[in-house]
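Coordinate analysis (summary)
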Amino acid sequence: MRRGVEKGLRSLTLAALTCWSVTAHAQQAADAVAPEAESDLSVLWPNASEDILASLRAKANGLPVEAQDWMIAAANPLAVQAGAKILQNGGTAADAIVAVQAVLGLVEPQSSGLGGGAFLLWYDAKTGKLTTLDGRETAPLALTPRLFQTDAGEPLKFFDAVVGGLSVGTPGTPALLAEAQRRWGKRPWVGLFGDAIRLAEDGFPVSPRLASLVARDHDRLARFEETAAYFLPAGAPLEAGQVLRNPAYAETLRTISDQGVGVFYSGDIAADIATSVQTAPGNPGKLAPLDLAIYRVVERDPVCVSYRGHDVCGMGPPSSGGLAVGQILGLLRHSDLSGLGPESPESWRLIGDASRLAFADRGRYVADNDFLPVPVKGMLDDGYLIDRNKLLGGDDALPEVAPGTPAFDHALNWADDDAIEFPSTSHISIVDGYGNALSMTTTIENAFGSRLMVRGFLLNNELTDFSFRTHRDGRPIANAVAPGKRPRSSMAPTIVLKDGKPVLVIGSPGGSRIIGYVAQAIIAHLDWGMDVQQAVAMRHLVNRFGTYDVEDGITASLTTSLEQMGYDVKLGTLNSGLHAIAIGTNLQGGADPRREGIALGR
Ligand code: GLY
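Residues numbered from 1 in each chain as written. Predicted model: local features only at pLDDT ≥ 70, side-chain atom pairs only at ≥ 80, totals over all residues. Heavy atoms only, no water.

This part is about the overall build of the protein chain. Of regular secondary structure, the protein chain possesses 23 helices and 23 strands. For the protein chain, the C-alpha radius of gyration of 23 Å lies close to 25 Å, the compact-globule estimate for 602 residues. Along the longest, intermediate and shortest principal axes, the C-alpha atoms of the protein chain span 60 × 60 × 50 Å. For the protein chain, the proportion of contacts with a sequence separation of at least 24, taken over those separated by at least 6, is 74%. (Helix = DSSP H or I, 4+ residues; strand = E, 2+ residues; numbered from the N terminus. Rg over C-alpha atoms; globule rule 2.2 N^0.38 Å. Contact = heavy atoms within 4.5 Å.)

Turning next to the pairing of strand β4 (residues 130-135). Counting buried positions over the six residues of β4 gives six, a clear majority of the element. Neither face of β4 is exposed, since Leu 130, Thr 132 and Asp 134 on one face and Thr 131, Leu 133 and Gly 135 on the opposite face are all buried. Relative to β4, strand β3 (residues 117-123) runs antiparallel, the two sharing six bridges. Within the sheet, the bridge partner assigned to Ala 118 lies in β4 and is Gly 135. Hairpin connection between β3 and β4: a loop of six residues separates the two successive antiparallel strands, and Gly 128 in this loop has a positive phi of roughly 70°. In this sheet, strand β7 (residues 298-300) lies alongside β4 in antiparallel orientation, the contact comprising three bridges. Directly across from Leu 133, in β7, lies its bridge partner Glu 299. (Buried < 20%, exposed > 50% of the residue type's maximum accessible area, 1.4 Å probe, protein only. Pairing = 2+ DSSP bridges.)

Across all of its chains, the model carries one disulfide by this definition. Between the sulfur atoms of Cys 304 and its disulfide partner Cys 313 the distance amounts to 2.2 Å. Taking the torsion about the S-S bond as the criterion, the Cys 304 to Cys 313 disulfide, at about 115°, is right-handed. The class for Cys 304 is partly exposed, based on a relative accessible area of 37%. By relative accessible area, which is 2% here, Cys 313 ends up buried. (Disulfide = S-S within 2.5 Å.)

What follows is about the environment of Asn 460. Following the sequence through the fold, Asn 460 ends up in the loop between β13 (457-458) and β14 (471-472). In this structure Asn 460 comes out as buried when scored by relative accessible area, which is 0%. In this structure, the C-alpha to C-alpha distance between Asn 460 and Asp 217, residues 243 residues apart in sequence, is 15 Å. Reaching out from Asn 460, the side chain makes a polar contact with the backbone oxygen of Gly 169 at a distance of 2.9 Å. (Polar contact = N/O pair within 3.5 Å; in protein donor to acceptor, adjacent residues only side chain to side chain.)

The next thing to look at is the sheet that holds strand β8 (residues 303-307). Judged by pairing direction, the sheet is antiparallel, and its seven strands sit side by side in the order β1-β22-β21-β17-β16-β9-β8 without closing on themselves. The outermost strands of the open sheet, each flanked by one partner alone, are β1 (65-67) and β8. For this sheet, the mean inter-axis angle between neighbouring strands, taken without regard to orientation, is 25°. Relative to strand β22 (residues 587-591), β1 runs antiparallel, the two being bridged by three bridges. What sits directly across from Ala 67, in β22, is Leu 587. Along the sheet, helix α16 (residues 321-332) makes contact with β8 and β9 (310-314), crossing β8 at roughly 20°. Along the sheet face, helix α21 (residues 514-526) touches β8, β9, β16 (494-498), β17 (501-506) and β21 (579-583) and points at about 130° away from the line of β17. (Axes fitted to C-alpha atoms, helices over the stretch in contact; angles between N-to-C directions.)

With antiparallel pairing, the seven strands of this open sheet are ordered in space as β7-β4-β3-β11-β10-β2-β23. Only two strands of the sheet have a single partner each, and these edge strands are β7 and β23 (598-601). Between one strand axis and the next, the sheet turns by 15° as a mean value, whatever way the strands run. When strand β2 (residues 71-74) meets β23, the two strands line up antiparallel, connected through four bridges. Its bridge partner lying in β23, Ile 72 is registered against Leu 600.

This brings us to helix α3 (residues 50-60). If you check which residues of α3 are buried, you get Ile 52, Leu 53, Ser 55, Leu 56, Ala 58, Lys 59 and Ala 60. Looking one or two places after α3, you find Gly 62, whose phi comes out positive at around 75°.

A few words now on the confidence of the model for the protein chain. For the protein chain, the mean per-residue pLDDT works out to 91, and 91% of the residues sit at or above 70. Of the regions scoring below 50 in pLDDT, residues 1-39 engages in 60 contacts with residues more than four places distant in sequence or in other chains. (pLDDT = per-residue confidence, 0-100.)

On to the environment of Gly 511, then. Among the secondary structure elements, Gly 511 is positioned in the loop between β17 and α21. Placed 66 residues apart in sequence, Gly 511 and Glu 445 show a C-alpha to C-alpha distance of 8.0 Å.

As a further point, take the pairing of β17. Of the pairings in the sheet, the one linking β16 to β17 comprises five bridges and is antiparallel in character. Paired with Ile 495 across the bridge in β17 is Val 505. Following β16, the chain reverses through two residues before pairing antiparallel with β17; Asp 499 in that reversal takes a positive phi of roughly 50°. In the sheet, β17 pairs with β21 via two bridges, with the strands oriented antiparallel. Residue Val 505 lies in a different strand from β21, and its bridge partner there is Ile 581.

Another point: the side chain of Asn 389. Structurally, the position occupied by Asn 389 is in helix α20 (residues 382-389). Residue Asn 389 is classed as buried on the basis of its relative accessible area of 17%. Excluding its chain neighbours within four sequence positions, the residues that come into contact with Asn 389 are Leu 331, His 334 and Ser 335.

For the bond from Pro 317 to Pro 318, the omega torsion is 15°, close enough to zero to count as cis. Mapped onto the fold, Pro 318 is located in the loop between β9 and α16. The phi angle at Glu 445 is positive, at roughly 80°, despite the residue not being glycine. Looking at Glu 445, the relative accessible area reads 3%, which means it is buried. At Phe 448, a residue that is not glycine, the phi angle is positive and equals roughly 70°.

Applying the stated criterion to the full structure yields 29 salt bridges. Residue Asp 353 pairs with Arg 356 through a salt bridge whose shortest N-O separation is 2.7 Å. With Asp 353 and Arg 356 both in helix α18 (residues 345-365) and three residues apart, this pair spans about one turn of that helix. Summarising the burial analysis for this pair, Asp 353 and Arg 356 share the class buried. (Salt bridge = Lys/Arg side-chain N within 4 Å of Asp/Glu carboxyl O.)

Right, let's get into the packing of aromatic side chains. One pair of aromatic rings is described through two measures. These are the centre distance and the angle between the planes. Scanning the model with the defined rule gives 14 aromatic pairs in all. When the centroid spacing of 6.4 Å and the interplanar angle of 15° are considered together, the rings of Phe 158 and Phe 468 count as stacked. Residue Phe 158 is located in helix α6 (residues 158-162), and its partner Phe 468 is located in the loop between β13 and β14; the two are separated by 310 residues in the primary sequence. When sorted by exposure, Phe 158 lands in the same class as Phe 468, which is buried. Through pairs of rings, three or more aromatic residues link up here, namely Phe 148, Phe 158, Phe 159 and Phe 468. (Phe/Tyr/Trp six-rings, centres within 6.5 Å; stacked < 30°, edge-to-face > 60°.)

See below:
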């Protein structure tokens, strides 16, 4: 373990910003809390292996998990375990991701699954090439730009749009998994679903997070028969620790496993998805079997920026994630964050206003660039970022932030978008025994998506990531709905390279705050020397649109300083789900203490 005296001293200075931190205090306190945490976890995971319990203990003690050969970090121990078995048996990260996602769709159904979409980054150890795959949902062909408007042209209320068939886009996750596994897998497809099928048939313990979200969402889940029967059996919400079976999901997985993913996109499964959407009581949508039949995964160019001698690479449009994280880091690379440190209000002024500048450009310019030109090069151009960086030269919060004018290759004058994103989603990081690295963020959008359930899985509400308005003041909005278009995302699966080799695999859920969570964790790791567990556990400060969202537990002196600089500060919970792997002389994994996941490796 690379943990010297110097690092120990440094971690003491980070105590105020780090929850579950590796401080002397926390290490002492861990002795007191670990037994209780462990006994809770043994109740929840009665059959957990010693290595899972060791990973949970490491997380509770604020320590990274260390390994030599391979590692997975994801949002649920059962999902991680399923992937670990595949890696242990010589599978690649592209094999393991199928097993991990199949189990996540069962045990964390509110966040991701077969009915959603995802973005995947793959670093190939043999070729040294980084590939990004877009498995984002698409808007059905029968949709019109005024999908989420009243007859009077006013935007619908958010949950009126979300719950039901209107918001459901053509799922991309099954096709994405199949494409990644076809390109880079080594194991037979049919063997990758075993754990998920067994858990769905025999049952799994409902996690506290799932139980609390079901209780909170009771009324919306109650609207649809199949959904209510599963999440609210006999009318009562599922309880933590209760064993839950999902035979319909087992049957769906068995069919996909035996017949290949084509069966999801044509035939009975596709027909059932379309029927469920088109007949949703109160809010029918337009998704048709043809939309599923023509769905395609798209390979996109990675979006990379240089930062502190590294290349930080992410997903390009239709995600705004790679571009916004890239712009934030590109704006900050001329500032000495390392010298300032994580407790300096000046660090947070720079990070907060860099983020606001990135969000202003995101709101104006970023959408599906198969439908309109996005100025990707212009937004990351060094000259442009140096110009924008001049705005950060003062001492106080910027009073106002507007989009810049990156070099653009056409004359359209877009208006700012008003899409709303709520935090749900899940992130998986994997490094396999061959040295390949995979970073995938996966979602059904809102918690429980559209609330429509088909054959044991939930359908997404991803279309509400489009702007509800099509125009503002007579100018078009880039992220407006169009048939076949993919809604803009904030998902930011990221791989950081040094000299062409991966050194950090990271990503998070969290709606549009994903961008801030990922950028902050990268800064914490690269500028402030935190290990991956410290970096993912560190308390969050996120500024997107002016208000500084500050996680409970940040010191009063820091929040007061931010207020004195002119920020509105809003304290609260900030539910990231960062999962990260650092690759150095060994592998170090970090799992977000705000969620239920672990890192596991050998
Ligand atoms: N629906 C979450 C995202 O794509 O950003």
